[in-house]
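# Geometric and topological summary
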Amino acid sequence: QAKKSGRNQSVLFKQSLRLEHNVRARIDHELRKAIVKNELSLVFQPQISTVYGELVGVEALLRWQSSELGTVSPAEFIPMAEENGQIVELGLWVIKNACLVLRQWQHNQRRPINMSVNVSAGQLTDPNFLKNVTEIINATGVDPTGLTVEITESTAISEMDNVRNLLEQLSGLGIRIALDDFGTGFSSISLLRQLPFDSIKIDRSFLSNLTRESQDWYIVKAIQDLASALGHEVVAEGVETNQQLSLTRELQCDVVQGYVFSRPLPLNELEARYFLPQNRKIRRIS
Ligand code: C2E
Ligand code: MG
Ligand code: MG
Ligand code: MG
């Protein structure tokens, strides 16, 4: 009996592996056509200063609405694109489109709004990355000091010497560098002195259960103290409740990004909410 059910389970397992394989093959196949079919878009999540309560930047996040597969989450297709190399082309699409938006804002808005883009290891190690980014900056006419590149710890440690070189060159262009998902990797603290970061994004796992003087509270406090002593800005990611928000203020995090302010928004919604003249007036009156 045990043997029989074991065999059934292994048949099921093989079937689900095959299914999984088919799904991945379809995603892979459809993703290759996504740019040409105009299925990609960016959404923008507000980053709010804890001191001034104002919009100081946004993070551009990639979305894919496939005509064949429906909405596919970045958590699903980004890792696949990293594996099969498509991330290089997708990443350039993201940077170009984010720069077009940023250029527009740099023209129209009084206050500077920073634009953050996520960059994967496969992009940083692409030998043409710096040249391509420089070309995008020149072609769009964007001021690169308004641009931030977010990398994760695992990205940072892959081929450390090359990555350090590249980040220093990006820094030299005026681009800011952020360490994303801080605290989830293995070498967080030593990375801080090896690479030229401007800001640190504390991973949302430290904020999702934040209460006063809990373990996470002390961890966030320690990260904040360390980062500010080293001159890095601190962004608290994934803040969802007003209670967490007031704790991040107490802990003196500089910037908050999370559902408590807004989910990532399409460009028109973001602009309507934060930039429209009538909204600005309302804010001045109040
Ligand atoms: P990330 O860079 O850490 O981006 C933050 C993620 O957390 C986003 O998920 C955002 O929607 C989500 N988030 C923000 N605030 C909250 C909150 O209060 N609560 C919760 N539960 N979640 C929150 P998203 O858009 O699904 O992206 C997932 C990941 O996919 C990103 O994590 C990033 O690693 C990757 N990704 C997205 N767009 C790009 C891209 O253009 N290029 C690359 N290389 N990676 C990207
Ligand atoms: Mg990010
Ligand atoms: Mg993050
Ligand atoms: Mg992440």
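Residues numbered from 1 in each chain as written. Chains lettered and ligands numbered in written order. Predicted model: local features only at pLDDT ≥ 70, side-chain atom pairs only at ≥ 80, totals over all residues. Heavy atoms only, no water.

### Description of the overall build of the protein chain
The line we're drawing: Think of it this way: any DSSP run of H or I at least four residues long counts as a helix, any run of E at least two long counts as a strand, and we number them from the N terminus. Throughout, radius of gyration means the C-alpha value; the globule benchmark is 2.2 Å times the number of residues raised to the power 0.38. Only heavy atoms matter for contacts: two residues are in contact if any of them lie within 4.5 Å across the pair. All accessibility values rest on the Shrake-Rupley procedure with a 1.4 Å probe; residue burial counts only the protein chains present in the view. Positive charge is attributed to Lys and Arg, negative charge to Asp and Glu, and no charge count is given to His or to the chain ends. Taken as the charge centre is NZ of Lys, CZ of Arg, CG of Asp or CD of Glu, depending on the residue.
Each helix and strand counted, the protein chain has twelve helices and nine strands in total. Radius of gyration (C-alpha) of the protein chain: 21 Å, near the 19 Å computed for a compact globule of 286 residues. Its C-alpha atoms give the protein chain principal-axis dimensions of about 75 × 50 × 45 Å. For the protein chain, the proportion of contacts with a sequence separation of at least 24, taken over those separated by at least 6, is 67%. Element-wise, carbon and sulfur atoms account for 51% of the exposed surface of the protein chain, whose accessible area totals about 15,300 Å². Of note, the protein chain has its 30 positive side-chain charges centred 6 Å away from the centre of its 33 negative side-chain charges.

### Re the site of ligand 1
Our working rule: Nearness is judged by heavy atoms alone; a residue qualifies as near a molecule or strand once a single heavy atom is within 4 Å of it. Whenever a nitrogen or oxygen atom comes within 3.5 Å of another N or O atom, the pair is scored as a polar contact, on the condition that within protein one atom can donate a hydrogen and the other can accept it, and that pairs from neighbouring residues in sequence are kept only if both atoms are in side chains. Both site types are read off a 1 Å grid over the protein atoms alone. A 1.4 Å probe that fits but cannot get out defines a cavity, while an open set with protein on both sides within 12 Å along at least five of seven lines defines a pocket; lining residues have an atom within 4 Å of a point. The rule for placing a molecule in a cavity or pocket is simple: more than half of its atoms must lie within 2 Å of the grid points. Under the scheme applied here, ten amino acids are nonpolar (Ala, Val, Leu, Ile, Met, Phe, Trp, Tyr, Cys and Pro), four are charged (Asp, Glu, Lys and Arg), and all others, including Gly, are polar.
Of all residues adjacent to ligand 1, which total 23 residues, the nearest are Arg-63, Asn-118, Ser-120, Glu-240 and Tyr-259. Between ligand 1 and the protein, one listed contact pairs an oxygen atom with a side-chain N or O atom of Asp-180 at 2.9 Å. In this structure, an oxygen atom belonging to ligand 1 sits 3.1 Å away from a side-chain N or O atom of Asp-181. Assessed atom by atom at 2 Å from the grid points, ligand 1 resides in the largest pocket. Secondary-structure elements contributing two or more residues to the shell around ligand 1 are strand 2 (55-66), helix 2 (74-84), helix 3 (87-108) and strand 6 (176-182). Looking at which element gives the most residues to the shell around ligand 1, the answer is strand 2, with four residues. Across the shell around ligand 1, the residue classes break down as nine nonpolar, six polar and eight charged.

### Brief notes about helix 5 (residues 129-140)
For clarity, the cut-off: To estimate how far a helix should extend, the number of its residues minus one is multiplied by 1.5 Å. Accessibility here uses a 1.4 Å probe with only protein chains present; expressed as a share of the type maximum, an area under 20% marks a residue as buried, one over 50% as exposed, and anything in between as partly exposed. Throughout, the arc means the angular range of directions from the helix axis out to the C-beta atoms.
With twelve residues, helix 5 should reach 16 Å at 1.5 Å per residue; the first-to-last C-alpha distance of 16 Å fits that figure. Residues of helix 5 that are buried: Phe-129, Asn-132, Val-133, Ile-136, Ile-137 and Thr-140. Buried residues along helix 5 cover an arc of 140° about the axis, so they all sit on one side. Opposite the buried face of helix 5, by more than 90 degrees, sit the exposed residues Asn-138 and Ala-139. On its buried side, helix 5 packs onto helix 3, helix 4 (121-124) and helix 7 (160-172). Gly-141, located one to two residues past helix 5, shows a positive phi value of around 70°.

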